[in-house]
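# Structural characterization, general
Here is how the chains run, residue by residue.
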Amino acid sequence: MSDYKRINLTPEQEERLRELDVEFEKLCDEQDRLNVDGFAKVFSVLDSIEDGFTPSNPCTENLASIDKALELVGKSDDEAFCSAFKRNNEIILRGRKNRDEAHSILLAGCEHHQQDSAGWQFVEYHFIAPEQTMDEWMEKLQRDAEQGTGLFEVLTDVSDEDEEEDEFLMADKYEINCSLTPFVDDLKRYGVIGNGDNVDGLFPLPKKFKIALLRVLNDIAQFAKDNADKPAKVKNYIIEALRATDGGSWIGLIFQILLLQGLCCWLEGVPFDGNGYIEAQSLWRWLVWILRSKEARFCCLPFGDDDKKLLQPLCDYLYSTKAGRALQDEIFGKGGETHSETIKNPDGTSDPASGQKPPRREKWRTDRAKKYFTKAIDKGFMKQTGDDRYQWIYNNGSKASLAYFLLKVYDPDGVQIMPYKELGEVFHVSRIDASHSQVMSAKHPQRWRKRIDNLFED
């Protein structure tokens, strides 16, 4: 179950979401029990005779079309086959309505939560230098901002993927029939882009910026659709697009952030019951990982107060996104506590008191982890073996089930950065990230997940 306490929902909304989750799981279980042999032929016929029926949308409310397709494949007299096929169609339709209702409730809760927030924040910089050198510092910052150097450098520090892996990944070839319209509409609603050129201020961004962004987005989306069974190749194509805007001014960083956010929004349109959902989810998580690093870089740029006012439309938009809000909460805390950076003097020295490094923060140690670690120990899923050391017991100590449990603890929304290295030390295991990928790439949810999900039903 989802952790609905993280957003503002009424008790009635929480209860309804839990009811929807229970119903959805039952639908999935029933669908797994159906004998689907021969369904592919009927799907192929429906794809040719029914508008809107595609590999990523394998259902229809037109029962006459289903009857026609069954007749064309010679199955109309097979009562058991027809019953199973029609029930599968009903499950997909009902499952989609179920998720649509759940998403609408969650969206309402997220929007309400954002209205009560402090908004996007930047890391504060304090300059510790002799007064006579401050003008020199300000001139350097101005040059760096204009040239994209120093503190304003734009760099995509992402390793290339090994495309030889694609041959062995057995990734499904799938079709993504998603739209960029919701992403563009959101940008317009927040005033990030418009329908023409802006003559006063930075936003809305110029039309040529908008067209360039949409052109690159469209190009990447089409490439991803054509090479859906080659995930490494798709990732490298995206990396090259990002590197093409490295080295310029900080406007290039804004372009990269919007490009990544647009791709994430595009992939969120893949239906949960469509072909390639697992592959699309994997690509989405990879994009969010890069997006968070870019947004973190944006947070650390030393903008002045006037610049921040100009950037407000973009900041408001980024704060409205799940990835942006999660990053802000991680950097500044949910209470709005700000962090600051100390910039050294030109000679490399800094003020002993103000420049002292803060103690290392252990990212695995959170209130949420404490709560669910205790609960898991009480239920016999794990045991404590020493100070800050634990052993996973459930499912014969399976590392995959441990990875799933930790995912529910640290990343219930799918936008957090997992402290894999620290958790590996805490649980005496290695490569939890690899086990996490194995769990999430499974074609059907493992049956042992249900008991772990029950731990999070508060």
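Below: a short report on this structure. None of the values given here were measured: they were computed from a predicted structure.

Moving on: the environment of Gly-248. Note that Gly-248 resides in the loop between helix 8 (231-243) and helix 9 (250-267). Taking the C-alpha atoms as reference, Gly-248 lies 8.1 Å from Thr-149; in sequence the two are 99 residues apart. Leaving out residues up to four positions away in the same chain, Gly-248 has contacts with Gln-147, Gly-148, Phe-152 and Val-154.

On to helix 14 (residues 367-378), then. Note: α-helices contain 3.6 residues per turn, so residues at a spacing of three or four share the same orientation. End to end, helix 14 covers 17 Å across 12 residues, agreeing with the expected 16 Å (1.5 Å per residue, within 8%). When we look at burial in helix 14, the residues that qualify are Arg-368, Ala-369, Tyr-372, Phe-373 and Ala-376. Looking down the long axis of helix 14, one finds its buried residues gathered within 120° of arc, a one-sided arrangement. In helix 14, those exposed residues whose orientation departs by more than 90 degrees from the buried face are Asp-367, Lys-370 and Asp-378. Among the structural elements, strand 3 (382-386), strand 4 (389-392), helix 16 (399-410) and helix 19 (449-455) are those in contact with the buried residues of helix 14. One or two residues past the end of helix 14 sits Gly-380, with phi positive at roughly 85°.

In this structure, Val-192, Ile-238, Leu-258, Leu-287, Phe-298, Leu-311 and Leu-314 are the most contacted members of the largest nonpolar core, which totals 63 residues. Sorting the residues of this core by element identifies helix 5 (134-147), helix 6 (181-189), helix 7 (207-226), helix 8, helix 9, helix 10 (277-299), helix 12 (312-320) and helix 13 (322-332) as the ones contributing at least two each. In terms of residue count, the dominant contributor to this core is helix 9 (12 residues). Contacts of Leu-311, omitting those with residues within four sequence positions, involve Phe-122, Leu-202, Phe-203, Trp-250, Ile-254, Phe-298 and Phe-303. Judged by nonpolar contacts, the second largest core, of 28 residues, contains Met-382, Ala-403, Ile-452 and Phe-456.

With respect to the helices and strands, Asn-236 occurs in helix 8. The exposure class of Asn-236 is buried, given its relative accessible area of 10%.

To continue, consider the packing of aromatic side chains. Following the criterion strictly, the structure yields 26 aromatic pairs and no others. A centroid spacing of 5.5 Å and a plane angle of 50° characterise the contact between Phe-43 and Phe-85, whose relative ring orientation is tilted. Here Phe-85 lies in helix 4 (residues 79-115) and Phe-43 lies in helix 2 (residues 39-49), a separation of 42 residues in the sequence. The exposure class of Phe-43 is partly exposed, given its relative accessible area of 24%. Measuring from ring centre to ring centre gives 5.2 Å for Phe-373 and Tyr-390, while their planes differ by 75°; the resulting arrangement is edge-to-face. One end of the pair, Phe-373, is in helix 14; the other, Tyr-390, is in strand 4, and 17 residues separate them in sequence. Among the residues examined, Tyr-390 registers a relative accessible area of 10% and is labelled buried. Site record: aromatic cluster; members linked through ring pairs are Trp-364, Tyr-372, Phe-373, Phe-381, Tyr-390, Trp-392, Tyr-394, Phe-405, Phe-427 and Phe-456. Taking NZ or CZ as reference, Lys-408 lies 5.6 Å from the ring centre of Phe-456, over its face.

The rules behind the values
- Residues numbered from 1 in each chain as written.
- Predicted model: local features only at pLDDT ≥ 70, side-chain atom pairs only at ≥ 80, totals over all residues.
- Heavy atoms only, no water.
- Helix = DSSP H or I, 4+ residues; strand = E, 2+ residues; numbered from the N terminus.
- Contact = heavy atoms within 4.5 Å.
- Expected span 1.5 Å × (residues − 1).
- Buried < 20%, exposed > 50% of the residue type's maximum accessible area, 1.4 Å probe, protein only.
- Arc of directions from axis to C-beta.
- Core = buried A, V, L, I, M, F, W, Y, C linked by side-chain atoms within 4.5 Å.
- Phe/Tyr/Trp six-rings, centres within 6.5 Å; stacked < 30°, edge-to-face > 60°.
- Lys NZ or Arg CZ within 6 Å of the ring centre and 35° of its normal.

By themselves, these figures tell us nothing about what the structure is for.
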